[in-house]
Structure formats: structure tokens, C-alpha cells
Amino acid sequence: MRNVDYIKCGLASFLIVCWCFFQFCYPYHFFYQEQNQIFLWSRDYISTYFDKPGGVARLVGDFLTQFYYYLYAGATILTLSIVLMGILLYKTLRNFGIGKAVALILSLIAMTFVVICHFSISYRLSSTISIIGWMLVLWIVSLMRAWKMRLIQLAIALLPTYLLFGLPQVKRLQMPDFVLEKNFAVENEYHFCNYDKVIELVKESDGWNDQMLFFYNLVLAQRGELPDHLLDFTPNYLGTFEKIGPNTPMITIRNMNELYWALGDMTFTERAAMMTNVFAPDNRNVRMMQRLAECNLVSGDSLAAEKYLRILDKTFVYSKWAKRARAHAKELYCKKMEMVNRHDTITISDNAHFLMMQLLDANPDNRIALDYILCSTLLLKDIENFKRDYDRYCMETDKPKLKTLYQEALCIWLAGTDASQEEWQRYIHRQDVMQRFVEYNNQRGHPRFKGTYWYYFDKIKAPEI
Amino acid sequence: MKEVKRSRCRMRMAIVIGLLFTIYCSLFTSCTPTPKDVVMQDQLPPIYPDYCDVTIPMNIAPLNFLLREDCEAVQVVIQGDGPSLSINARGKEVVFDMDDWKALMEQAAGQTLTVTVTALVNGQWSEYKSFGWQVVKEKIDPYLTYRLIEPDYEIFNHLQIQERCVENFDVSAIGHYEQLENRCMNCHTFANQSPELSMMYVRGQGGGAILNKNGQLSKLNIPGSVYFCFSPSGRYITYSTQKIIPAFHSEPSKRLEVYDASSNVYVADLQEHRIISSPLLSDSLKFETFPTFSPDGKYIYYCAADTVSLPSDIRNLQYRLVRIPFDEATATFGTEVDTLVQHVAVPQPLGFAASLREEHTKRSVCHPRISPDGRYILYTVADYGTFPIWHPEADLQMMNLETGAIDTLAIVNSNKSDTYHSWSSNSRWFVFASKRDDGLYGKPYFCYVDKDGKAHKPFCLPQEHPVFYDNCLKSFNAPELGKGKLPFDVNDVAKAMKQEAEAFK
């Protein structure tokens, strides 16, 4: 009785610790796994799983992975899978005559090993299902009493088991990557439109990286606050200097998709979404499938949108989304539709500055593109081009932007060109900025001016592109 | 005690198996509803792929289809002069039994079958307007090769070149990313539709053209070759070299544009491993591309355009269809280029017989392919440029080489890109890639050309699962028809890749 309790306690403790870890310390990894695949409830699609060995493991793994979308489901599915594997191993070892304590310890070691495997994003649930499949076969073999029969049964089962469950794919073992988890957290909260949470995650973080800053800025840009916070973090990262090529990491391509979508460039949104699909495992990424449907709905290509909506119709998790997008596209995407560039030009470059100029030429009210184009040049300390773009999209359209950042940058240009009083009056409408600029010039580079563009211009290194 | 536990366990297992068996029986073996109280509809059924009133060869695989309706059950009755074939199915998918289909096609050759679809939608049976399947005796070449690639051709991953038997659903890979280090590969092309001689490219470092001669594969280094075509004797290939540049439209529906910064046409002698050129085909002030031999080997047809400033002036980049004589015996080119089709705005003397000239406003010609009997030349026309895959206005046209008459193939073309075609060996069928369904993903369509040269409504390559195309995220690129199964597979290609490439001088 005491032994039985000991075993149950061991497994229960493992179960609780494992579940709590994945649910509370590593939950955003589940979204990455879930969104970097797609599972279709379609006979045609399911049949493709059996093109190569391990079809059942991949099928079950991908089927379960789709439910990672739901809160608590990821940790629960993963923990139960690992515990099931542990129980099967324990039972098998016991049937082979190994003592309870040793069997329990070996099972816990194996379970811990699988947990470690799951720290890596390249390790998929199907590999754990594959292990479970092999454990199941071993357990069945262990039910036979005679060793000879066991060996015969094992020999018979080897090939079918390999065909059904394949072999687990362990590419690398690593410790939990909490930096990546934080990146996923920011990215996913952005995806779910929890913009306050994105801001909170970045601000509360001990350190930040380009990935976090990218989404932080994206949120601010959509709130019209990018120029207010551009210098909150230095060096800052807008993503506008990236170009997509054969060696671009998939995460960067996905980020570019979010940037183009926010800017309203549907050609490049579609391109980046297709490229993310190209580099996803099995060339399928469900989030990009949604995006491909969205960008075609926005650009008015209903046939192309329907292609992706039909695929999403066949998923358990996104079929409702697809129905809603199909039925209410005009209401859902009316603002984006207004941003679409209907003036056709051809370019061989995916230079974001050029793309944003095209968007602004077609639609000068595209505030996100305007803030990004101005802030990008300012990050580079490219005052000449900032002034050129400011003139083109703010002065010539008679819509001057009086954000502190822009006023401060204009002061630099005006001072640097010995501008006339008239010009100062034409560009600088904020007396507080003017007054502070005078103060700054008396104490140039003083830390009390940290946060001003003048300080950034004088003291902070611009990003290299 | 243990025995009791085991017997309980067995009992539970028996119950579970029994339950599963009952569920299986109730799901899959219960009676499919049959039509009653049928309401007649005055419209064709919304079937996908669109197989309404199409002409099909008697050797084609079953035309499985689905209904774009939320129907609970469907009945399909196919009637001809002989016995009929009927299917009752739950759901919206219609999948024919292979043996029943083959028997039907044998009996129906030369006839038009009447297909009647009745569907149960929201508890009500509706019979749609019947449509016809004209089954012709002229068979289509049974094998089709194509590349599977995402529609955005700039960047690739996980490419395959497949060979599909169009008489059934058998598919095999002749190029597969797993065996070929995830390389780019393209353009598998037969010589005279024969599986005994064909070539494909495997790109990247150490890549080359993989030449198949009766299953013996060799790797060739033909500098810069892109589009190519075998001469009728198989000794030569004519090919184009080009510097390909991708460009982007800001208007989202136009998507991608691809153009050549330079392009020339050459001939390679596969026997003596030498390159044959002509200043007429490598003029620096012209773009020359898409070369193809005439079936008698006396001409090389290709497309040519005057250079313009690119990409800014791309809308003025109009290619014309031209030809130059070629003598296989001496491996020499003629001295004059004849123009067959050109844009009306370019005034220049035409060497070709006036009756064969056809003038079009703002059209650019691509991909000329001559029927094996030499009667027709099939080509793509688009508003401009040399990459019609993303041009929704890109259509096929067919010129009768005996009369010069041009058929704009209204029944064949769609309002999306229709391009990249190849002929069946009997000249009665051609295959082409069409994006008519969604504007994004190309699919192979087959078109019948009757003895009078009239093209019939094309049909899409049938698939075992009717939802295949809905789920597929790859384009069928560069479809080519072959008379027989290729005598090599992807492992042979992988072995050939390890060979030293044979150089050309």
C-alpha cells in the first residue's frame, strides 16, 4: 500500500510540476507550435500523413497540437502525453520484472528527458506520440510471459510500429529559452490585439531585444504614438530596414508580414505571408493562412480569399473565424480597404522606405506609414531625408505634424542650415520645444536631455544598415 | 485476484471494440438516402472542378468532383447509349469506382454522356440541369510531369517534380527535395513526348541539366540555359539564357512581375557537346526567348522584343512571335528572321507571308509550342512582358500554320492567367496551366482540338479526392505530356547529381 502511494505520488507530483511549468512559465511556446502548422479535418489532407513512415504519430501529434490554441489545453495535452508515456514505461518495466522503485525512477528520468525535448521549438508533439507508440508496443510485448514469445512478438511488431509511429525527431536538447518565450509572449499578445499587454510586457522586462521592440513600436504606431515613444528604448528597432531574401529567418519574414499589414501594403503582406508558409514545417502556417485570406479580402480579390477561407473552414479552431471573415469582411476591414494602394507602379526593391513612399503618395492620410517613414529616417539620423519626407507628406499636404520628436528634428535641420526666422516660424509651432532647444544648446549632450531627439542625435549610435 | 482483473480487462476491451464496430457500421454502412420529392432546378450544378459540358479522352481517370453546396447527399446518374452509371453518396463528394469508370469510358467512346446531378440540400432533393461529357476516342498521352511549387516563385522550399498517370491517380516523384538537398529544380521536358529522351534542371552549386536517354542519366553543364526544346532528331536542344529579375506591383491584384534583363537563344549539340549561336539570336538590342523547334526541325520558333528601359517601361515590352531557319544536317542557322505575330504599333517589314501575319493591340507573345503534326502553333498572349503567370489577362491563342488563321480560343481561356502549355503526341490534346479558380494556384487543364481544329471546353486534371485542389497550397507549374512512364526516378536523379557535369564548348 505504501509503495502504491509512493508511485502515485511520484507521478502526480511530476504531473503537477510539469503542467504548472508549461502553463505558467512556457505557455507562449504552445502558440508558436500551434500556429506554425495547420490541421485540416479532411480525408484528402489526412491521407497525406501516410505518405511516409510515422503517419499515425504525426497525425495524432498535429491533431492535438491544433488545440494548443486554447488556454490550458497545451499544458494539459503535453503533460498527459508525457505522463501516459511514463506510465506505459513503468508498466513495461514492471512486466519485465524490474523493481517498483527502479521502474519509477527510470520512468521519471524518461519523462524528464521528454520534457527537456519540449523546451526546443523544433521538437514537436508528434515525436512524443511516436515514443508513446513504441512504449505501447513494448508494453504489449511485455504482457507475454515467455521471453521467446516476447522476442517473436517484438520482431513482428517492429516494422508495423515503425510505419505507424516512425522515430522521434530530437534535433537538439536545450534548457528552457525564456528570452524566446518572452518574444513569443509579445508577438502573440500583439496577434490577439492585447496591445496594453504588449506594452506592459516590454516595459516590465529586465531586458529587451529587437523582436520585442518591433511589436512594441507596431502597437504604438497603430495608436499614433510612435513618435512619442521612439526614443524610449535605444537602440530601437522598427523593422523597416529589413529585406526578405533566401537567408532571412522565418521569424523576420513573419514580422515583416505584420509590418506590411499595419502599413496597408497588401502586395508585400501577401508576399511575406506566402514566404512564411514556404519556410514553415510542411509549408503550412495557420496564422499566415488567416493573413492570406485577410489581405485578399482587403484588396478585393474574393476568389483568392476564398481559397484560404475554405482551408480554414476545415479546421476545428478557425472555422468560425473564417465564417465571420467571409460574412463581415467589409465591416471588419473597412479601414484597411481605404489604405490599399490602387495606383500601380513596379519596383524591383522591397526597400520599406520606398514602399511607404508609394503608400503615402497613394494615400497621404496613412498615418502609420507616415510615422514609420519619418521615424525610420530619424533613427538613422538622416535629417535630410526626414526633412524631404516631412515636406512632401506634411507641409505640402498642409498637415504639419506637431509631435515633439518631429519638432525637435526640424530644429536640428533648421539650425544646421542657418534657416531664416520665417522658416523657423513656418516649421516650429511648439514654443515649449523652441525654448527647450535653446536650453539644450547651452548644455549640449547633458543627460537631463535624455529622451530628446537632440540628445539621441548627439550621443546615441544610429543602427547600422 | 490477478485472473479476475485480467478477465475484467478483456471484457472492457471487448466492449470497446464492439462499440467502435457499431460506430463504424452506423457511419459507413448505413443506407445512403435516395432522391424523392425531387424539385427540378433550371441551372447547372455548382460542381468543382467545373466538369460541365467538357470533352474528355476515353483514357482519362475518373472525373471525381464535389458540389459547392452544403448538401447531405448526392446522386449522380450518367447515361449514354449503353448501360448507365449511377452513384449515391453521403456528403457532397462524388467519387467514382475506377473499374466502373473504365468500363463506362470504353463503352462511351465516341458518344456524349448525359450527367444528371441530384442533391439533398436542407432536406430537399433538387435535380440540376443535366450536362454532357463528350468522350472522344483520341487518347491523351497518359503521363504528365509538372513541378509543384508555391505560387510565389521568388523563393522556394520543398520542391518536387512529379509524374502523374492521367489514366489513374498514380503519382511518383522524379525530383524531390528530400533526395536532392532541397534544391531548386525545374522544366522537365520530353523530346517528342517520348519518355526515352527528356531533360530537367537541378539548380544550385554542382547542379546541371539532367539528361535522360533511355533511362541512362547524365549531368550536363549547358551554360545559362533556362527554357529549352529538343529537336525532332533529339540531337539538339534549342534553349534561351536569361537574367531573370523579379519585380513587384504596388497594386495588390497584379502582384509579381518578372522580366529578363537580357536574354538570348542558342542551340546545343548534345552529341558533340558544343554550343551553336547566331548573331540574329543574341542581339544585344533585343530580347530573345522561348525557343522551340518545328516538328520537321527546319525552323526554330521563338519570341523576340526590342529592349526597353526596365522596369519603368515594362508596359511597352511586347514580344513578337518569330522564326529562323535551322539546318539539322549542318547545324547552321538561316540568315533571316520571319515575324508571325507582332504588336501593331511596331512598323517594320515582315519577312513572313502576309497571310500569316496577325496584328494585335498591345499584346506580347510567350511560350510558342507547335503541335507534333505541324498544323498549329499555340502560344500565350499577355498585355506586356515575358512572364504571363501573374497576368490575369494572359490567354492562349492558336494559329493555323497552314492558313495563318488565329483562334483566340474563347472557350478555352478564362479571366485569370492561362498559360504554359504542351501538346499530346497525337496533336489532339494540349495541357496548360490555368489560375482560373483563384488567380493564385495554377492547375493543369486539358483541351481537346478536333480534326477541324476546333478547341473544346477544357477540364481540370482529375484527382482521387475531389477536395484535393481546395487543400493544395502548391501550383502545378510547367505541365508536360509524355507518351509513357519515365524510366528513372528521383534516386537515379540523385545519383546523376553526383556525376561530373559534361561541359559544352
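Everything numeric here is computed off the predicted structure, so don't read it as measured data. (Residues numbered from 1 in each chain as written. Chains lettered and ligands numbered in written order. Predicted model: local features only at pLDDT ≥ 70, side-chain atom pairs only at ≥ 80, totals over all residues.)

Undergrad: So what's going on with the overall build of chain B? Residues and values would help.
TA: Secondary structure summary: chain B contains four helices and 37 strands in total. The proportion of buried residues among the 505 residues of chain B is 46%. If you take every contact in chain B between residues at least 6 apart in sequence, the share linking residues at least 24 apart comes to 57%. (Helix = DSSP H or I, 4+ residues; strand = E, 2+ residues; numbered from the N terminus. Buried ≥ 20, exposed ≤ 12 C-beta atoms within 10 Å, placed from the backbone. Contact = placed C-beta atoms within 7 Å.)

Undergrad: Break down the overall build of chain A for me, citing the residues and quoting the values.
TA: Scanning chain A from terminus to terminus reveals 26 helices and one strand. Dimensions of chain A along its principal axes, counting C-alpha atoms only, are 100 × 50 × 35 Å. Out of the 465 residues belonging to chain A, those deemed buried represent 45%. Here the contacts in chain A between residues at least 6 apart in sequence split such that 65% fall between residues at least 24 apart.

Undergrad: Which residues make up the interface of chain B and chain A, and what values do they have?
TA: Facing the 29 residues of chain B at the interface are 36 residues of chain A. At the level of secondary structure, the elements contributing two or more residues to the side of chain B that touches chain A comprise β19 (236-249) and α3 (468-471) of chain B. When residues in the side of chain B that touches chain A are grouped by element, the largest group, four residues, is from β19 of chain B. Where strand β1 (residues 346-347) of chain A lies against β19 of chain B, two bridges are found, and the strand directions are antiparallel. Each residue of the ladder has a partner; that of T347 of chain A, found in β19 of chain B, is F248 of chain B. (Pairing = 2+ DSSP bridges.)

Undergrad: Explain the pairing of strand β12 (residues 160-165) of chain B to me, and be specific about the residues and the numbers.
TA: Residue and element names in this part refer to chain B. Where strand β11 (residues 143-149) lies against β12, six bridges are found, and the strand directions are antiparallel. Residue L148 lies in a different strand from β12, and its bridge partner there is Q160. Sheet analysis places β12 next to strand β13 (residues 171-176), joined by five bridges and oriented antiparallel. Looking across to β13, one finds that R164 is bridged to V171. Taking the residues between adjacent antiparallel strands as the criterion, β12 and β13 are bridged by five residues.

Undergrad: Before we move on, can you summarise the sheet that holds strand β15 (residues 194-202) of chain B with the specific residues and values?
TA: Residues and elements named next belong to chain B. The sheet built from five strands is open, its strands ordered β14-β15-β16-β17-β37 with mixed pairing. Among the strands making up the open sheet, the edge pair consists of β14 (185-191) and β37 (502-503). In this sheet, strand β16 (residues 208-213) lies alongside β15 in antiparallel orientation, the contact comprising six bridges. The residue bridging M200 from the neighbouring strand is I210, located in β16.

Undergrad: Which residues make up the domain arrangement of chain A, and what values do they have?
TA: All names here are of chain A. Structurally, chain A comprises domain 1 (2-165), domain 2 (177-237), domain 3 (248-341) and domain 4 (352-459). Taking the mean C-alpha position of each, domain 2 and domain 3 sit 22 Å from one another. The partner domain 3 presents five residues to the five residues of domain 2 that form the contact. Residue contributions to the side of domain 2 that touches domain 3 peak at four residues, all from helix α11 (residues 210-222). When the residues that make up the side of domain 2 that touches domain 3 are grouped by side-chain class, the tally is three nonpolar, two polar and no charged. (Domains from an automatic or database assignment. Nonpolar A, V, L, I, M, F, W, Y, C, P; charged D, E, K, R; others polar.)

Undergrad: Mind laying out the pairing of strand β10 (residues 131-136) of chain B, listing which residues take part and the relevant values?
TA: All names here are of chain B. Both strand β3 (residues 54-57) and β10 contribute to a ladder of four bridges, which runs parallel. Residue pairing across strands places P57 opposite V136, the latter belonging to β10. By the bridge criterion, four bridges tie strand β8 (residues 112-121) to β10 in an arrangement that is antiparallel. Across the sheet, the residue bridging to T112 is Q134, located in β10.

Undergrad: So what's going on with helix α23 (residues 404-416) of chain A? Which residues, and what values?
TA: A turn of α-helix holds 3.6 residues, and therefore any two residues three or four places apart point the same way. Residues and elements named next belong to chain A. Taking 1.5 Å per residue as the helical rise, α23 with its 13 residues ought to reach 18 Å, and the 18 Å between its terminal C-alpha atoms agrees with that figure. Listing the buried residues of α23 in full gives L405, Y406, Q407, E408, A409, L410 and C411. In this structure, the buried side of α23 is in contact with α12 (226-229), α21 (367-379), α22 (383-395), α24 (421-427), α25 (431-442) and α26 (453-459). Directly beyond the C-terminal end of α23, a positive phi value near 50° is found at D418. (Expected span 1.5 Å × (residues − 1).)

Undergrad: I'd like a rundown of the sheet that holds strand β29 (residues 376-382) of chain B, residues and numbers included.
TA: All names here are of chain B. Read from one edge of the open sheet, four strands run β28-β29-β30-β31, paired in antiparallel fashion. The two strands at the open ends of the sheet, each matched to only one other strand, are β28 (364-370) and β31 (406-407). Where strand β30 (residues 395-400) and β31 come together, two bridges link them in antiparallel fashion. In the sheet register, M399 faces β31, and the bridge partner there is I406.

Undergrad: Tell me about the environment of D437 of chain B, and name the residues and values.
TA: Residues and elements named next belong to chain B. Take D437: it is sitting in the loop between β33 (429-434) and β34 (443-448). Using a count of 21 C-beta atoms within 10 Å as the deciding quantity, one classes D437 as buried. In this structure, the C-alpha to C-alpha distance between D437 and A394, residues 43 residues apart in sequence, is 15 Å. With sequence-adjacent residues up to four places away left out, D437 is seen in contact with K443 and Y469.

Undergrad: I'd like a description of α25 of chain A, backed by residues and values.
TA: Along its 12 residues, α25 of chain A runs 17 Å from first to last C-alpha, staying within 8% of the 16 Å computed at 1.5 Å per residue. Considering only its buried residues, α25 of chain A is in contact with α23 and α26 of chain A.

Undergrad: Report on unusual backbone geometry, specifying residues and quantitative values.
TA: Residue and element names in this part refer to chain B. Between Y48 and the following residue, P49, the backbone shows a cis peptide bond with an omega angle of -5°. Topologically, P49 is positioned in the loop between β2 (47-48) and β3. The omega angle of the peptide bond from L310 to P311 is 5°, so this bond is cis rather than trans. With respect to the secondary-structure elements, P311 resides in the loop between β23 (299-306) and β24 (320-327). We note that D37 has phi near 50°; this positive angle belongs to a residue other than glycine. Relative to the helices and strands, D37 resides in the loop between α1 (2-28) and β1 (39-40). For S427, which is not glycine, the phi torsion reads 65° and is therefore positive. Of note, S427 is situated in the loop between β32 (418-423) and β33.

Undergrad: I'd like to hear about the packing of helix α9 (residues 178-191) of chain A against α11 of chain A, residue by residue, with values.
TA: Residue and element names in this part refer to chain A. One can describe the packing of α9 onto α11 by two numbers: an axis separation of 9 Å at closest approach and a directional angle of 20°. Classified by the angle their axes make, α9 and α11 are roughly parallel. Note on packing geometry: the crossing formed by α9 with α11 is left-handed. Taken together, the residues of α11 that come into contact with α9 (itself represented by K182, N183, V186, E187 and Y190) are Q211, M212, F215, L218 and V219. (Axes fitted to C-alpha atoms, helices over the stretch in contact; angles between N-to-C directions. Parallel < 35°, antiparallel > 145°, perpendicular 65-115°, else oblique. Left-handed = near helix turned anticlockwise from the far one by under 90°.)

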